[in-house]
Amino acid sequence: MELQRLLDGNGSNALPFIFSGQPEKTVILNTYKAAGYEPGKPVVFVQHGMLRNGDDYRDFWIAAADRHDLLIVAPTFPNGDFPEPENYNNGMVLDAEGKPTPRESWIYRAPALIAAALEEAGVMKGVKPKIFGHSAGGQFLHRMVSLFGMGPFEAVGAANAGWYSLPDLDTSFPAGLGGLGYGQQDLVALLATPLHIMAGLNDCESNADNLPTQPEAIAQGPGRLHRARNYFARGKAKAEELGVPFNWQMTEVPGVAHDGCAMSVAAAGLWFEGALPAGDQLGAGTGGFNA
């Protein structure tokens, strides 16, 4: 099996993965295996931004991987096969006429299937991976959790998303969760998940590059920080309205704007060292991508 090649050596690799819901398209797994990694140790999935640069996002995690003996897996959805936000950020959930496509074709299913394949190949063993996404990857992940739950993942970090699918069944997807056949029980399950929203405190400009500007996005706030705060507040308010548990968390990262590298370092610190790294360790602005 192709994935078993990950057991043969350390360092970076790129392997094809066939997602059964879109078998005619190619998903690439950009991976990094630390020298100290062996099956049973932690695994981190990383979702890239709009540039479809999974190799860069994998590389943002190399230092943490070497420090903590991690396997990094960055599922990459190339622009050629998955063009425009509808085919990545929005998961291929709606067709060109705005009608729902078959659930098995939604690409939000892919990370869970990749995790299952890694387990079957013996690359992972008895661990629940974590998954982090930045920018368009943050959009991808919070929608994945909204529509499919946490799945095999023990932690989900959605960072600096451009806008959000609000926990509202009366607003059609992707602005809300309506029109897809989901009900109040699904909403309650979403609010109970430990979804982790992350936002750079400096990612707040209303004219930032690549910031979504459709009316539904602007209604959520002028910049990404405001929209993250709005999303979290809407989730909390909905849980209070329904009288159900609310287990989301939110972390605002000082000194960081729309920087995928710095936000990756922040997530690694929270997950593996129990705290946000100091500002000089974040390296804000030194290796990030505005996407």
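Please refer to the structure placed before this passage.
In this report, we go over the structure that sits alongside the text. Keep in mind that this is a model prediction, so the values were computed, not measured.

## Topic: the overall build of the protein chain
Thinking step 1. Within the protein chain one finds nine helices and eight strands.
Thinking step 2. Computed over C-alpha atoms, the radius of gyration of the protein chain comes to 18 Å, within 12% of the 19 Å expected from 2.2 N^0.38 for 291 residues, which places it in the range of a compact globule.
Thinking step 3. Taking the principal axes of its C-alpha atoms as reference, the protein chain extends roughly 50 × 45 × 35 Å.
Thinking step 4. In the protein chain, which comprises 291 residues, the share counted as buried stands at 53%.
Thinking step 5. Within the protein chain, residue pairs in contact and separated by at least 24 positions form 70% of the contacts whose partners lie at least 6 positions apart.
Thinking step 6. Total accessible area computed for the protein chain in this model is approximately 11600 Å², and 49% of it derives from carbon and sulfur atoms.
Thinking step 7. Across the protein chain, 20 positive and 31 negative side-chain charges occur, with their mean positions spaced 3 Å apart.

## Points about unusual backbone geometry
Thinking step 1. The residue after Phe173, namely Pro174, is reached through a cis peptide bond having omega 10°.
Thinking step 2. In this structure, Pro174 sits in the loop between β6 (155-159) and α5 (184-192).
Thinking step 3. In the Ramachandran plot, Asn160 falls in the positive-phi region, its phi being about 50° despite a non-glycine side chain.
Thinking step 4. With respect to the helices, strands and loops of the structure, Asn160 is situated in the loop between β6 and α5.
Thinking step 5. Its identity is not glycine, yet Asn210 carries a phi of approximately 65°, on the positive side.
Thinking step 6. Here Asn210 lies in the loop between β7 (195-200) and α6 (215-218).
Thinking step 7. For Asn210, a relative accessible area of 44% gives the class partly exposed.

## Here's the deal with the packing of aromatic side chains
Thinking step 1. By the definition in use, this model includes 14 aromatic pairs.
Thinking step 2. One aromatic cluster in this structure is built from Phe77, Phe82, Tyr88, Tyr108 and Phe140.
Thinking step 3. Here the basic side chain of Lys25 rests over the ring of Phe82, its NZ or CZ set 5.9 Å away from the ring centre.

## So, the environment of Pro102
Thinking step 1. Inspection of the secondary structure puts Pro102 in the loop between β4 (71-76) and α3 (110-120).
Thinking step 2. Accessibility expressed as a relative area gives 46% for Pro102, which makes it partly exposed.

## Quick notes on the pattern of salt bridges
Thinking step 1. Counting across every chain of the model gives nine salt bridges.
Thinking step 2. Arg229 is paired through a salt bridge with Glu252; the nearest N and O atoms lie 2.8 Å apart. Here Arg229, found in helix α7 (residues 224-242), pairs with Glu252, found in strand β8 (residues 249-253); they are 23 residues apart in sequence, far enough to count as distant.
Thinking step 3. Accessibility expressed as a relative area gives 29% for Glu252, which makes it partly exposed.

## Structural notes on the environment of Thr31
Thinking step 1. Along the chain, Thr31 turns up in strand β2 (residues 27-33).
Thinking step 2. Given the relative accessible area of 1%, Thr31 is considered buried.
Thinking step 3. In this structure the C-alpha to C-alpha distance between Thr31 and Phe272, which are 241 residues apart in sequence, comes to 19 Å.
Thinking step 4. In this view, Thr31 contacts Leu6, Gly11, Ser12, Asn13, Arg58, Ile72 and Val73; residues no more than four positions away in its chain are not counted.

Definitions and cut-offs
- Every chain's residues receive numbers from 1 upward, in the order its sequence appears when written.
- Thresholds applied to this predicted model are a pLDDT of at least 70 for local features of residues and 80 or more for the giving and counting of side-chain atom pairs; totals over whole chains, interfaces and linings are not thresholded and use all residues.
- Processing note: side-chain calculations cover all non-hydrogen atoms of the structure and skip hydrogens and water entirely.
- Helix and strand definitions follow DSSP, with helices as H or I runs of at least four residues and strands as E runs of at least two, each counted in order from the N terminus.
- For the radius of gyration, the atoms used are the C-alpha atoms, and the globule rule reads 2.2 Å times the number of residues raised to 0.38.
- Relative accessibility thresholds used throughout: buried, under 20% of the residue-type maximum; exposed, over 50%; partly exposed, between the two (1.4 Å probe, protein chains only).
- Contact criterion: two residues are considered in contact whenever any of their non-hydrogen atoms come within 4.5 Å of each other.
- Surface exposure here means Shrake-Rupley accessible area, sampled with a 1.4 Å probe, where a residue is shielded only by the protein chains that are shown.
- The positive count covers Lys and Arg only, the negative count covers Asp and Glu only, and His and the chain ends enter neither.
- In this description, the location of a charge corresponds to atom NZ of lysine, CZ of arginine, CG of aspartate or CD of glutamate.
- Each Phe, Tyr or Trp ring (for Trp, its six-membered ring) is paired with any other whose centre lies within 6.5 Å, and the angle between the two planes then decides the class: stacked below 30 degrees, edge-to-face above 60, tilted in between.
- For a lysine, the NZ atom is tested; for an arginine, the CZ atom; a charge sits over a ring if that atom is within 6 Å of the ring centre and within 35 degrees of the ring normal.
- Salt bridges are defined as contacts in which a side-chain nitrogen from Lys or Arg sits within 4 Å of a carboxyl oxygen from Asp or Glu.

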